[in-house]
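So the chains spell out like this:
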Amino acid sequence: MAELDWLSSPTRTSLHGRVRVPGDKSISHRAIMLAALAEGHSRVSGFLEGKDTQATATIFEQLGVRIETPAWGERLVHGVGLHGLRAPDRSLDCGNAGTAMRLLTGLLAGQTFDSTLTGDGSLLQRPMHRVLEPLRQMGAGFDAQDGDLPPLHIHRRSHLNGCYVTPEIASAQVKSAILLAGLYAQGSTEVCEMHPTRDYTERMLAAFGWPVEFSPGHAQLSGGHVLRATDIVVPADFSSAAFLLIAGSVIPGSELHLLDVGLNPRRTGLLQALRAMGADIREGPTREQGGERVADLQVRHAPLQGVDIPEAWVTDMIDEFPALFVAAALAQGRTRIQGARELRVKESDRIAVMATGLRKLGVDIEERPDGACIEGGLIHGGEVDSHADHRCAMAFAVAGQVADDTVLIRDCSNVDTSFPRFVPLMRQAGFNLSHS
Ligand code: S3P
């Protein structure tokens, strides 16, 4: 992939308008997966046309599923049933997508053919032991690099056994991999978490008619049922909206309306954090869409204060820390983040990338093993490297809008994994952002 740099310069206007950010990444991945395994045809609308979710769709095509694209953001998936996938004739490339890699590991563990999952340079560095260990308890077989890293070879199995798992790491990807393997297992599969994680897999299994019991931190299902095709409408991704919530808060005079945002409580921890910092964010009337809470959000400029982010808040805002680091850098006073060690094994080491970048822009920031301590103040212009991490690139783009000079952001090509057309959409809202 070609490297692509951005220039983010202090905006000369406030931000205004009604913006619909692209569809939710987590839900788009799962919609393709379950629709592929269902009996019948499912329509997915609001599908994220990002590289990550397109990789998932391509993988299911390689597994013998016909997927049509009637329009941008729409897929018609001709499900093949739980046992209808076909052996692929080459490796399955997840690109940059950790969610595809981890969930597919569970889903493919119960197939009667071998398969190999691979990905880009960043994905090949991401730990897999967290999913391999519980799946091995279920009878699955794998070969990984050094026991932990992709490419991952998955051995065929005629059946798996259900299990009871209490994962050591709070991770929806781990939980979902186990539940997807559980579809192919004999008996009951149950996951109990120490911190509840996003429950999209559980909700969507229920929407496709699979009996599943779940409550925050707990999910249980049994094998031997059928997924029935259904239509899925994907809400706008809260994690993409997060950049505009922060930009709208810190740019004087701004007022933005963000439309159709998915507000699953396991995703919206940033709202709690920003409100504790003094942000002015209001929710319009809530509606239910495919079992998910959806509403418009309105954000208005408001001065922010530093805040302590305790470990208990981390899981519900796990993808929002790059953006929060920027909010903290602009707030009055100190922000402390703790219990967020997982950030070190995301698309990049997000604590190191954000701390190094913000320090280059003059921010007083102390890196800790499981978080950071950020002293709010001014952001200066300069050059930063996103390390090909989409969310770090977008967070630095927000920083540039309120810096005292231009910020050059290196290596932004992966923003297309989660937020296609980020630059034009942000420019429309009032950003002074361009490709360099
Ligand atoms: C995701 C879960 C989270 C999140 C990732 C998407 C998912 O990862 O960071 O971007 O769709 O299940 P973990 O579950 O590993 O924390």
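The structure presented is a predicted model; accordingly, all values stated were derived computationally and were not measured. (Residues numbered from 1 in each chain as written. Predicted model: local features only at pLDDT ≥ 70, side-chain atom pairs only at ≥ 80, totals over all residues. Heavy atoms only, no water.)

1. Digging into the overall build of the chain
Along its length, the chain carries 13 helices and 27 strands. Considering the chain as a whole, with its 436 residues, one finds that 59% of them fall into the buried category. Taking the intrachain contacts of the chain between residues at least 6 apart in sequence as the baseline, contacts between residues at least 24 apart amount to 74%. As displayed, the chain offers around 15,600 Å² of accessible surface, 47% of which is attributable to carbon and sulfur atoms. Positive and negative side-chain charges in the chain, numbering 41 and 52 respectively, have mean positions lying 3 Å apart. (Helix = DSSP H or I, 4+ residues; strand = E, 2+ residues; numbered from the N terminus. Buried < 20%, exposed > 50% of the residue type's maximum accessible area, 1.4 Å probe, protein only. Contact = heavy atoms within 4.5 Å. Areas by Shrake-Rupley, 256 points an atom, 1.4 Å probe, with all protein chains shown as cover. Lys, Arg positive; Asp, Glu negative; His and termini not counted. Charge placed at Lys NZ, Arg CZ, Asp CG, Glu CD.)

2. Observations regarding the sheet that holds strand E24 (residues 371-375)
Paired through backbone hydrogen bonds, the strands of a sheet run either parallel or antiparallel to each other. Overall, mixed pairing links the 4 strands, which are arranged E21-E22-E24-E23 in an open sheet. Each of the sheet's edge strands pairs with one partner strand only, and the pair in question is strand E21 (308-309) and strand E23 (364-368). Sheet topology places strand E22 (residues 334-337) next to E24; 4 bridges connect them, and they run antiparallel. Among the inter-strand pairings, Arg-336 is bridged to a residue of E24, identified as Cys-373. Contacting E23 and E24, helix H11 (residues 350-360) runs over the sheet at an angle of about 160° to E23. (Pairing = 2+ DSSP bridges. Axes fitted to C-alpha atoms, helices over the stretch in contact; angles between N-to-C directions.)

3. Regarding the side chain of Glu-202
If you trace the backbone, Glu-202 turns up in helix H6 (residues 200-207). Dropping the residues within four chain positions of it, Glu-202 is found in contact with Lys-175, Leu-179, Val-212, Phe-214 and Ala-219.

4. Focus on the site of the ligand
What surrounds the ligand is the set Ser-26, Arg-30, Thr-99, Ser-171, Ala-172, Gln-173, Arg-198, Ile-318, Asp-319 and Lys-346. Separating an oxygen atom of the ligand from a side-chain N or O atom of Arg-30 is a distance of 2.6 Å. Here the ligand loses 95% of its free accessible area of 380 Å² to cover by the protein chains. For the shell around the ligand, the secondary-structure elements that each account for two or more residues are helix H1 (25-37) and helix H5 (172-182). Residue composition of the shell around the ligand, by class: 2 nonpolar, 4 polar and 4 charged. Taken domain by domain, the makeup of the shell around the ligand includes at least three residues from each of domain 1 (6-23 + 235-435) and domain 2 (25-233). (Near = heavy atom within 4 Å. Polar contact = N/O pair within 3.5 Å; in protein donor to acceptor, adjacent residues only side chain to side chain. Nonpolar A, V, L, I, M, F, W, Y, C, P; charged D, E, K, R; others polar. Domains from an automatic or database assignment.)

5. Details of the packing of aromatic side chains
Tallied over the full model, the rule gives 3 aromatic pairs. For the pair Phe-419 and Phe-422, a centre-to-centre distance of 4.9 Å together with 85° between the ring planes defines the contact as edge-to-face. Like Phe-419, the residue Phe-422 is buried in the burial classification. Grouping aromatic residues by their ring pairs yields a cluster made of Trp-6, Phe-243, Phe-419 and Phe-422. (Phe/Tyr/Trp six-rings, centres within 6.5 Å; stacked < 30°, edge-to-face > 60°.)

6. Structural notes on the domain arrangement of the chain
Each assigned domain of the chain is listed with its residue range as follows: domain 1 (6-23 + 235-435) and domain 2 (25-233). On the side of domain 2, 27 residues touch domain 1, which itself brings 26 residues to the contact. On the domain 1 side of the interface with domain 2, the three residues burying the most area are Arg-266, Glu-347 and Thr-417, jointly 23% of the side's total. Linking domain 1 with domain 2 are 5 salt bridges, by the criterion used here. Where Asp-416 meets Lys-51, a salt bridge forms, and the shortest distance between an N and an O atom there is 3.3 Å. Summed over the shared surface of domain 1 and domain 2, the number is 11 residue pairs in polar contact (both at pLDDT 80 or more). (Buried area = accessible area lost by both parts, 1.4 Å probe. Salt bridge = Lys/Arg side-chain N within 4 Å of Asp/Glu carboxyl O.)

7. Looking at the side chain of Gln-401
Examined against the element boundaries, Gln-401 turns out to sit in helix H12 (residues 390-402). Here Gln-401 falls in the buried class, since its relative accessible area comes to 2%. A distance of 2.7 Å separates the side chain of Gln-401 from the backbone nitrogen of Asn-432, its partner in a polar contact. Here Gln-401 is in contact with Ser-8, Ser-9, Pro-10, Thr-11, Ile-251, Gly-430, Phe-431, Asn-432 and Leu-433, once residues within four sequence places are set aside.

8. Considering the pairing of E24
With 4 of 5 residues buried, E24 is to be regarded as a mostly interior element. The pairing of E23 with E24 spans 5 bridges and is antiparallel. Bridging across to E24, Glu-366 finds its partner in Cys-373. The hairpin formed by E23 and E24 contains 2 residues between the paired strands.

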